[in-house]
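# Inside the fold
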Amino acid sequence: MTTTTQTKEAVLAVPEFDLDVSGWLRDTVFGTTWKTVFAVLLIIANILIIRSGFGAEPVGLSFDLAPKGVPTAIGSLILTLTSGPLLTIIVLVLWLVGAATVIYSASRHHWPGPTQWLKDSIYNGPFGALTTLALGVIIIFAIRGVLSWTIFGAEFRTDPDSVAVLRDTTPGAIWGIIGANKKLLAVGQYPSEVIWRIWASLGIVLGLAGLSVLAWNFGSPLKSIRKPLVWGWVASIFVILFLLRGTGADTGPMQGVSTIRWGGFLLTIVIAIIGIGASFPIGVLLALGRRSETRGVPVLWRWGAGLLLIYWGLGNWPDDAVTLNIPLIFHDPPVWTVTLSPVSYAALQAFILVGIFWAVGYYLQGNMIKTFSVVFIEAVRGVPLITVLFMANTLLPLFLPKDLDIDNLLRVIVGVILFSAAYMAENVRGGLQAIPRGQYEAAMAVGLSGAQSMRLIILPQALRLVIPAIVGLFIGLFKDTTLVSIVGMFDLLQMGKTVVAQPEWLGLQRETFAFAALIYWVFAFSMSRASQRLERKLGVGKY
Amino acid sequence: MNELGNDIIICNDVHKWFGEFHVLQGITTTVKEGEVVVIIGPSGSGKSTWIRTLNRLEEHQKGQIIVDGTELNNDLRNIQEIRREVGMVFQQFNLFPHLTVLQNVTLAPIHVRRWSREKAEEIGMQQLERVKIPEQAYKYPGQLSGGQQQRVAIARALAMQPKIMLFDEPTSALDPEMIKEVLDAMQELAESGMTIMAVTHEMGFARGVANRVIFFDQGNIVEEKPPNEFFDNPEEERTKLFLSQILH
Ligand SMILES: Nc1ncnc2c1ncn2[C@@H]1O[C@H](COP(=O)(O)OP(=O)(O)O)[C@@H](O)[C@H]1O
Ligand SMILES: [Mg+2]
């Protein structure tokens, strides 16, 4: 309110022309010691940058982009614009204009006229001006360097023989390694003759995506297909997995492709999407479970079960004395050997069981749902993803029947889902806690059941609150899929390492990893943009 | 005044404890169909707690509460049954911020009464007209003033076509200039024959609209009388003291 009035007055006020330069210098530039130091440093930095600009030689660039050795029109324009002397002149002009603008603007208290924009957006005070200029120069050099490495000085031929000849003379990147290995990087060892199945999967996804955009963005006519679309998405996961995996046949169009042969970006995206997709609902359930107030086990049952356990503990009576080796630190030898008589062993068992039961009953009021959720979440959050993956890979088979051979990829995905679900649950719980009591009460008062209140009132608000956190988690998970290489999977990054190890492309790590980084970045960045869009869209009329 | 019907709310020696704290200390009273009861009393005396036991937002631990012929006990179906017939309006409105006004109003009819969307919207719009804000139907609660929000809350409760309406200090969170629009809506409701229990300190409303005023203190009913008698001729010392404090 007040600001609007002030701005109005400011606009209406007659500009004052009291040119009090010394007063202005005192007030704005040399107001405090650190401001003075900062200003001086910035001035020095600018002078140094301009000086180095004068002395700079244009970076040696290859013009091989065009076959005859002639630079493209845009290429030569950028080269000219960023060559030392011209750049310096541009910077000098900007600097002078900026300085003049700042002094001129400071000479008046208010700044009417078209230059207002310049002042506000670029030359916002002397520090703003100097910082903008310094950063501007840095950015120009950075862009120039990146462009000359990635494009203007780069070599795009994919045929290893000619690249071998050109390698030493090429100043920029040798992108041939990517082009020549694009299949490996994209889908790994997936058999070439059935790659159409991947294209078909992609087609399904793109088709659904296109329909979804239409159904959710252009109003009523397609609204009716929203529900079928949601089911379509769910079904598509299974259709696509079937397409990718194939049948048991050894040959033919639907031949089975073992997940060992999946690799590259295909593997990354499969793990990420299934991990993200499945951990979301599981996480929500865990969060609700952790807040559950269900008295899952009535007191009577608890004691009944407790007695049964005691009976079992006592009944599980060993025939001979039991020797326990308890590891110790700072003790030589580092174990403490205890020999328990059958009686005391059984008593110990019973005691531990009763203790656990008592803890569950006393601290969690017999709420098994809550107990399970808390134990699961805290156990998983206490270990790194790598450990979970190792456990999924090596420990899980020990607990399962011997002849049950679970697919390596499936094990890894289960590990990723469980890991991510635990974090998801904590985020969702944060959202649930932020919903005021009044919302629960109002939902109950109008007669909604507990499940309905959750589904219609509480979760929609809670999830909306935690969208940024959830998307952050998903982005993290997407990038963490790189860890699966540790358990022998060839995801995009691991495939990149393999590609670099080929004799004809040896030593081209920079190109490969830059490419992989770009792919990860594009996807992570799109997710973050999509989340912002979603937030905006859902934020309508919020509070 | 309306013709009063059968007993619709019966409280019989209702007790409640918050841990050690004995918040409701044996309330016994009945409310008849079509009756308008105003409850006044000092802050912290348990008025909210009592009124919230009537639709089981709070559990009572001893005694008997019968609403519309159904006893409130741990049976979940009874509770759902009663909540369908009892509308409640809160001090803080408690509208659902992620839903439009009309969605707020039609949500329970659709999901609890299982009416079709068309029917729910028709009745919802009728209720919004009744509280004089049909033009706000497609806005979100956050875009409305306090008085408008409270009227939406009334319409939301009415859309379930309840037999009883409970109000817990519906005007205490409002700016003075908005109190009247909410009281007008409540008065119209009272005149239509709705059974109302309202905790409020709007003495004008109590005098003009109520059939009975209950003075509530320290977890129990101290005095209950028709408004004229209550204000002009209070018997209990505590009532006199309280009235002298709020009427200056
Ligand atoms: N959930 C609760 N737990 C413990 N004490 C409560 C709770 N709700 C209310 N109380 C206490 O019960 C008393 C009555 O509260 P309330 O019914 O809100 O009074 P009133 O509405 O008359 O101001 C107060 O002393 C309050 O502190
Ligand atoms: Mg209260």
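Refer to the preceding data block for the structure.
Predicted model, so just to flag it, every value in this text is computed and none were measured.

Right, let's get into the site of ligand 1. All names here are of chain B. Near ligand 1, the surroundings consist of Phe 18, Phe 21, Val 23, Pro 42, Ser 43, Gly 44, Ser 45, Gly 46, Lys 47, Ser 48 and Thr 49. At a separation of 3.2 Å, an oxygen atom of ligand 1 approaches a polar backbone atom of Ser 45. Measuring from an oxygen atom of ligand 1, one finds a side-chain N or O atom of Thr 49 at 2.5 Å. Protein chains shield 58% of the accessible area of ligand 1, which is 560 Å² for the free molecule. At the level of secondary structure, the elements contributing two or more residues to the shell around ligand 1 comprise strand S2 (21-32) and helix H1 (47-53). Tallying contributions element by element places H1 first for the shell around ligand 1, with three residues. Among the residues making up the shell around ligand 1, the classes are represented as four nonpolar, six polar and one charged.

Residues and elements named next belong to chain A. With their axes 10 Å apart at the nearest point, helix H11 (residues 196-217) and helix H12 (residues 226-245) run at an angle of 170° to one another. As summarised for this structure, H11 and H12 are arranged roughly antiparallel, according to the angle between their axes. Where H11 approaches H12, its residues Arg 197, Ile 198, Ala 200, Ser 201, Ile 204, Val 205, Leu 208, Ala 209, Leu 211, Ser 212, Ala 215 and Trp 216 are matched on the opposing element by Arg 226, Leu 229, Val 230, Gly 232, Trp 233, Ser 236, Val 239, Ile 240, Leu 243, Leu 244 and Arg 245. Looking at side-chain class alone, the contact of H11 with H12 contains 16 nonpolar, four polar and three charged residues.

Now for helix H19 (residues 437-445) of chain A. Of the residues making up H19(A), those classed as buried are Gly438(A), Gln439(A), Glu441(A), Ala442(A), Ala443(A) and Ala445(A). Where H19(A) is buried, its residues meet helix H20 (450-465) of chain A together with H1, helix H2 (76-85), strand S6 (86-89) and helix H5 (146-158) of chain B. Looking one or two residues past H19(A), Gly447(A) carries a phi angle of roughly 100°, positive in sign.

To continue, consider a positive patch on the surface. Taken together, the side chains of Arg529(A), Arg533(A), Arg536(A) and Lys537(A) present a region of like positive charge at the surface. Structurally, Arg533(A) can be placed in helix H23 (residues 509-538).

By way of backbone hydrogen bonds, the strands of a sheet pair with one another, either parallel or antiparallel. Residue and element names in this part refer to chain B. An order of S6-S7-S8-S3-S9-S10 is seen for the six strands of this open sheet, with the pairing classed as mixed. Each end of this open sheet is capped by a strand with a single partner; those strands are S6 and strand S10 (220-225). Each neighbouring strand pair of the sheet contributes to a mean axis angle of 20°, computed without reference to strand direction. As defined by bridge partners, strand S3 (residues 36-40) adjoins strand S8 (residues 195-199) across four bridges and the pair is classed as parallel. Paired with Val 36 across the two strands is Ile 196, which belongs to S8. In this fold H2 packs onto S6 and strand S7 (164-168), with an angle of close to 65° to the strand it touches most, S6. Helix H9 (residues 237-247) rests against S3, strand S9 (212-217) and S10 of the sheet, and its axis sits at about 100° to S9.

To continue, consider the packing of aromatic side chains. Residue and element names in this part refer to chain A. On inspection of all chains with the given rule, the structure shows ten aromatic pairs over all chains. Seen from their ring centres, Phe 372 and Phe 376 are 6.2 Å apart, and the 20° between their planes marks the pair as stacked. One end of the pair, Phe 372, and the other, Phe 376, are both in helix H16 (residues 368-381), four residues apart, so they sit about a helical turn from each other. Overall, Phe 372 belongs to the exposed group, its relative accessible area being 55%.

A few words on the pattern of salt bridges. Residues and elements named next belong to chain B. Applying the stated criterion to the full structure yields 25 salt bridges over all chains. Its salt-bridge partner being Arg 52, residue Glu 58 comes within 3.1 Å of it at the nearest N-O pair. Across the pair, exposure class does not vary: Glu 58 and Arg 52 are buried alike. The closest approach of N and O atoms between Glu 235 and Lys 225, which form a salt bridge, is 3.2 Å. Placement of the pair is Glu 235 in the loop between helix H8 (227-232) and H9 and Lys 225 in strand S10, with a sequence separation of ten residues. Residue Glu 235 is classed as exposed on the basis of its relative accessible area of 57%.

Next up on the list: the interface of chain B and chain A. Listed per partner, the contact involves 23 residues of chain B and 22 residues of chain A. Around 1900 Å² of area is buried between chain B and chain A when both sides are counted, 62% of it from carbon and sulfur atoms. At the boundary of chain B and chain A, one finds one salt bridge. Counting the contacts that link chain B with chain A gives seven residue pairs in polar contact (both at pLDDT 80 or more). Contributions of two or more residues to the side of chain B that touches chain A are made by H2, S6 and helix H3 (101-111) of chain B. In terms of residue count, the dominant contributor to the side of chain B that touches chain A is H3(B) (three residues). Split into classes, the residues belonging to the side of chain B that touches chain A amount to 13 nonpolar, six polar and four charged.

All names here are of chain B. Overall, antiparallel pairing links the four strands, which are arranged S2-S1-S4-S5 in an open sheet. Strand pairing shows two members of the sheet lacking a second neighbour, S2 and strand S5 (70-71), which therefore form its edges. Pairing of strand S1 (residues 7-18) with S2, which is carried by nine bridges, proceeds in the antiparallel orientation. In the strand pairing of S2, Phe 18 is matched with Phe 21.

As a further point, take the nonpolar core. Formed by 91 residues in total, the largest nonpolar core has its most connected members in Tyr190(A), Trp262(A), Ile457(A), Trp50(B), Leu54(B) and Met197(B). Looking at which element gives the most residues to this core, the answer is helix H18 (residues 408-433) of chain A, with twelve residues. What Met197(B) contacts, discounting residues up to four positions off in sequence, is Ile9(B), Val31(B), Val37(B), Ile39(B), Trp50(B), Ile51(B), Leu54(B), Met165(B), Leu166(B) and Phe167(B). Of all hydrophobic cores here, the second largest spans 47 residues; its members include Ala159(B), Met186(B), Val213(B) and Leu243(B).

Rules used in this analysis
Residues numbered from 1 in each chain as written. Chains lettered and ligands numbered in written order. Predicted model: local features only at pLDDT ≥ 70, side-chain atom pairs only at ≥ 80, totals over all residues. Heavy atoms only, no water. Near = heavy atom within 4 Å. Polar contact = N/O pair within 3.5 Å; in protein donor to acceptor, adjacent residues only side chain to side chain. Areas by Shrake-Rupley, 256 points an atom, 1.4 Å probe, with all protein chains shown as cover. Helix = DSSP H or I, 4+ residues; strand = E, 2+ residues; numbered from the N terminus. Nonpolar A, V, L, I, M, F, W, Y, C, P; charged D, E, K, R; others polar. Axes fitted to C-alpha atoms, helices over the stretch in contact; angles between N-to-C directions. Parallel < 35°, antiparallel > 145°, perpendicular 65-115°, else oblique. Contact = heavy atoms within 4.5 Å. Buried < 20%, exposed > 50% of the residue type's maximum accessible area, 1.4 Å probe, protein only. Patch = residues over 30% accessible without salt bridge, like charges linked within 9 Å, V, L, I, M, F, W, Y side chains within 5 Å. Salt bridge = Lys/Arg side-chain N within 4 Å of Asp/Glu carboxyl O. Lys, Arg positive; Asp, Glu negative; His and termini not counted. Charge placed at Lys NZ, Arg CZ, Asp CG, Glu CD. Pairing = 2+ DSSP bridges. Phe/Tyr/Trp six-rings, centres within 6.5 Å; stacked < 30°, edge-to-face > 60°. Buried area = accessible area lost by both parts, 1.4 Å probe. Core = buried A, V, L, I, M, F, W, Y, C linked by side-chain atoms within 4.5 Å.

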